[in-house]
Amino acid sequence: MSIRDLHEQLQRGETTSVALTEQYLTRIAAHNPALNAYLAVTADHALTQARAADARRAAGGDVSPLTGIPLAIKDNMVWPHAPTTCASKILEHYRAPYTATAVAKLEAHGAVILGKTNLDEFAMGAANEFSAFGPVHNPWNLEHSPGGSSGGSAAAVAADLCAGSLGSDTGGSIRQPASLCGIVGLKPTYGRVSRYGLVAFASSLDQIGPFGTCVDDVALMLDAIAGHDPHDSTASAEHPVPAQLRALTPAVRGLRVGVVREYIDMATLDVRNAMIEALRVLADQGATLVDITLPNAKYSVPCYYIVAPAEASANLARFDGVRFGHRTRHAGNLRDLYARSRGEGFGPEVIRRIMIGTYVLSSGYYDAYYRKALDARALIHQDFATAFAQVDLVCTPTTPYAAFKLGETSDDPVQRYLADVCTCLCNLGGLPGVSIPCGFDSNQLPIGLQLIGRPFDEVTMLGAAAAYEQATDWHTKKSPLAVQ
Amino acid sequence: MEPITTDTVRHIARLAQLELPDNAVPKLAEQLGRIVHFVEQLRDVPSVSHNVHAGPAEAPLRTDSAALNPDSAKILDNAPAREGRFFTVPQVIA
């Protein structure tokens, strides 16, 4: 059921938050061993929150659609009631002394936090195979990846182990797993949601965003978590959270939707066919399709794999074994303490990215790589500015293919990085992007369509997504695990 | 493009304060070499006079007012080693 449906059941007294929470906890106990979606389940705390939500509702207190709704949080957002591990050995036992703003906002609404979900270590990956605590499995086929890095958050929603969840997206880490798990996933505009309490990967690219079973759920969660935060200077004070998110109107008639054919052409046959049909549906709903080009988008993946690792190499410098996290037992001096703690605590993909980031920022290489990446990023911005003078939305597949088998991703890091080809340009542009289900491949694995909107215009983007959803039934399909 | 040699890997690892096992260095050199070769395509990108900023062009300032941190004890609870209110580390120069 959708969050709004659950809210209405709660309002009518047909269920309680305690009952809902217990149902989800029972499902988690039954199915998480197969999925590995949750790293920590905080049952006692969740039930305490559920009782408080029920009391708030019974007393006529301030109630929103999220009050009493059980949600899950990606384990790279700090929260004091469970370890914040970032799926890394280096933070395996770390207990944060504060709560991330986005999570605090959900709790202020009276939402119930069921626990923390699995991810690629430090949000670096697109298959959720790089977690130090085991991979996540796709609820549509357990032999397949749910995508990443927010694989746990996506799998939990797709398997009905929570009503919604939060993930984070730096190059596609909400949208790609949403696509591979057949659910809705939103990366807001950069600056729409506070990053305070999100363990930083790439500070100019990271955004927290929601997963849900439908566009309306995602709009409700965005409404709850968005807004200015004095703790995060990049969280916009100039763009108030639009009230339309609370009562989203499906609307695509009259909108101009830019189609980037190159992204459809590079996809598998099943994805291409699903996209062609989806575009026909959008046109039938009254959208005008406009072929557009983004001439510099071909630089997006190499640009991303310079900018993101460069920023990560700086952000992850804090993990040094001194104040928190893993400390080596084999250090006679401070330098060895740093180097051995980090070498022992970080996994292989994190090490690769720190190394690349350090290299491209190092003396003699900064101009050849990092400066060039900044130039490419500026050109991508210009491409989108030109595009949005002609169209209201840009449409691409979310990824060129459906979920791949676990263990079958290439040993070549560059091949893995190409999974971000449709998504990372959105992060580089600071733009909002949403993935919505638009079909299945010949193996019955979900396919996602991506809409990209103008900065801070999530309402138009989500309205179009909702209109597509109304005209189709892909979002109503449940994974085999969700119906068990 | 200069190749990524094992010496390059060791140099970068020193800069990044990362100790790598010896047997990991050759493979890392090969993988980093592939990544660098891939991003080399950016050499064709023309220079741009103005770079874009992810957030606001000017950082907003807040009032400079002192306040006690109520979480000092919780922060210290995460310390791998401590003496009272201090984090302890091995001597800086061995």
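1. A closer look at the overall build of chain A
At step 1: When helices and strands are tallied, chain A shows 16 helices and eleven strands.
At step 2: A globule of 484 residues ought to have a C-alpha radius of gyration of about 23 Å, and chain A, at 21 Å, matches this closely.
At step 3: Principal axes of the C-alpha set define a box for chain A whose edges measure 65 × 55 × 45 Å.
At step 4: Contacts in chain A between residues far apart in sequence, at least 24 positions, make up 76% of those at least 6 positions apart.
At step 5: Element-wise, carbon and sulfur atoms account for 52% of the exposed surface of chain A, whose accessible area totals about 15,200 Å².
At step 6: The positive charge centre, built from 39 side chains, and the negative charge centre, built from 47, are 4 Å apart in chain A.

2. So, the nonpolar core
At step 1: Within the largest apolar cluster, 181 residues are counted, with the highest numbers of intra-cluster contacts made by Phe-122, Phe-346, Met-355 and Leu-462 of chain A.
At step 2: With eleven residues, the top contributor of residues to this core is helix H13 (residues 366–390) of chain A.

3. Let's talk about the packing of helix H12 (residues 348–361) of chain A against H13 of chain A
Residues and elements named next belong to chain A.
At step 1: One way to put it is that H12 packs onto H13 with a least axis distance of 7 Å and a crossing angle of 105°. Between H12 and H13, the angle falls in the class roughly perpendicular. For the pair H12 and H13, the contacting residues are Tyr-359, Val-360 and Leu-361 in the first and Tyr-366, Tyr-369 and Tyr-370 in the second.

4. With respect to the side chain of Arg-195 of chain A
At step 1: For Arg-195 of chain A, the location among the structural elements is in the loop between strand S5 (184–187) and strand S6 (207–212).
At step 2: Ignoring anything within four residues of it in the chain, the contact list for Arg-195 of chain A reads Tyr-190, Ser-203, Asp-206, Gln-207, Asp-232 and Thr-234 of chain A.

5. Re the confidence of the model for chain B
Residues and elements named next belong to chain B.
At step 1: Across chain B, the average pLDDT comes to 90, with 97% of residues at or above 70.
At step 2: Mean pLDDT values over the elements of chain B span from 93, in helix H3 (residues 72–77), up to 97, in helix H1 (residues 6–15).
At step 3: Of the two predicted TM-score estimates for the complex, the pTM is 0.97 and the ipTM is 0.95.

6. So, the sheet that holds strand S3 (residues 112–117) of chain A
Residue and element names in this part refer to chain A.
At step 1: The eleven strands are arranged S1-S3-S2-S4-S6-S5-S10-S11-S9-S7-S8 in an open sheet whose pairing can be described as mixed. Edge positions in the sheet fall to strand S1 (38–41) and strand S8 (288–291), since each of these pairs with one other strand and no more. Along the sheet, successive strands turn relative to each other by an average axial angle of 30°, direction set aside.
At step 2: Relative to S8, strand S7 (residues 256–259) is paired through four bridges, and the arrangement is parallel. When the bridges of S8 are listed, Arg-256 appears paired with Thr-288.
At step 3: Lying on the sheet, helix H3 (residues 43–58) is in contact with S1 and S3; it crosses S3 at an angle near 155°.

7. Observations concerning the interface of chain B and chain A
At step 1: Contact residues are listed per partner, giving 53 residues for chain B and 60 residues for chain A.
At step 2: A buried area of about 4,800 Å², summed over both sides, lies between chain B and chain A, and 68% of it is on carbon and sulfur atoms.
At step 3: Looking only at chain B, the three residues that lose the most surface to chain A are Gln-17, Leu-42 and Asn-78 of chain B, adding up to 13% of its buried area.
At step 4: Scanning the region where chain B abuts chain A turns up two salt bridges.
At step 5: Between Asp-412 of chain A and Arg-34 of chain B there is a salt bridge, with its nearest N and O atoms 3.1 Å apart.
At step 6: Counting every contact that joins chain B to chain A gives 13 residue pairs in polar contact (both at pLDDT 80 or more).
At step 7: Elements represented by at least two residues in the side of chain B that touches chain A include exactly H1, helix H2 (25–39) and H3 of chain B.

8. Some remarks on H12 of chain A
At step 1: With 14 residues, H12 of chain A ought to run about 20 Å at 1.5 Å a step, and its terminal C-alpha atoms sit 20 Å apart, in line with that.
At step 2: Where H12 of chain A is concerned, the buried positions are Glu-349, Val-350, Ile-351, Arg-352, Arg-353, Ile-354, Met-355, Ile-356, Gly-357, Thr-358, Tyr-359 and Val-360 of chain A.
At step 3: At its buried positions, H12 of chain A is contacted by helix H10 (300–315), helix H11 (334–345), H13 and helix H14 (413–417) of chain A together with H1 and H2 of chain B.

9. What about the environment of Thr-84 of chain A?
Residue and element names in this part refer to chain A.
At step 1: Inspection of the secondary structure puts Thr-84 in the loop between strand S2 (70–74) and helix H4 (101–108).
At step 2: Residue Thr-84 is classed as buried on the basis of its relative accessible area, which comes to 0%.
At step 3: Once the C-alpha coordinates of Thr-84 and Val-199 are considered, the two residues, 115 residues apart in sequence, prove to be 9.1 Å apart.
At step 4: Residues in contact with Thr-84, not counting those within four places in the same chain, are Asp-75, Asn-76, Met-77, Val-78, Trp-79, Leu-91, Tyr-94, Ala-96, Lys-116 and Val-199.
At step 5: Polar side-chain contacts of Thr-84 include one of 3.4 Å to the side chain of Lys-116.

What counts, and at which threshold
Residues numbered from 1 in each chain as written. Chains lettered and ligands numbered in written order. Predicted model: local features only at pLDDT ≥ 70, side-chain atom pairs only at ≥ 80, totals over all residues. Heavy atoms only, no water. Helix = DSSP H or I, 4+ residues; strand = E, 2+ residues; numbered from the N terminus. Rg over C-alpha atoms; globule rule 2.2 N^0.38 Å. Contact = heavy atoms within 4.5 Å. Areas by Shrake-Rupley, 256 points an atom, 1.4 Å probe, with all protein chains shown as cover. Lys, Arg positive; Asp, Glu negative; His and termini not counted. Charge placed at Lys NZ, Arg CZ, Asp CG, Glu CD. Core = buried A, V, L, I, M, F, W, Y, C linked by side-chain atoms within 4.5 Å. Buried < 20%, exposed > 50% of the residue type's maximum accessible area, 1.4 Å probe, protein only. Axes fitted to C-alpha atoms, helices over the stretch in contact; angles between N-to-C directions. Parallel < 35°, antiparallel > 145°, perpendicular 65-115°, else oblique. pLDDT = per-residue confidence, 0-100. Pairing = 2+ DSSP bridges. Buried area = accessible area lost by both parts, 1.4 Å probe. Salt bridge = Lys/Arg side-chain N within 4 Å of Asp/Glu carboxyl O. Polar contact = N/O pair within 3.5 Å; in protein donor to acceptor, adjacent residues only side chain to side chain. Expected span 1.5 Å × (residues − 1).

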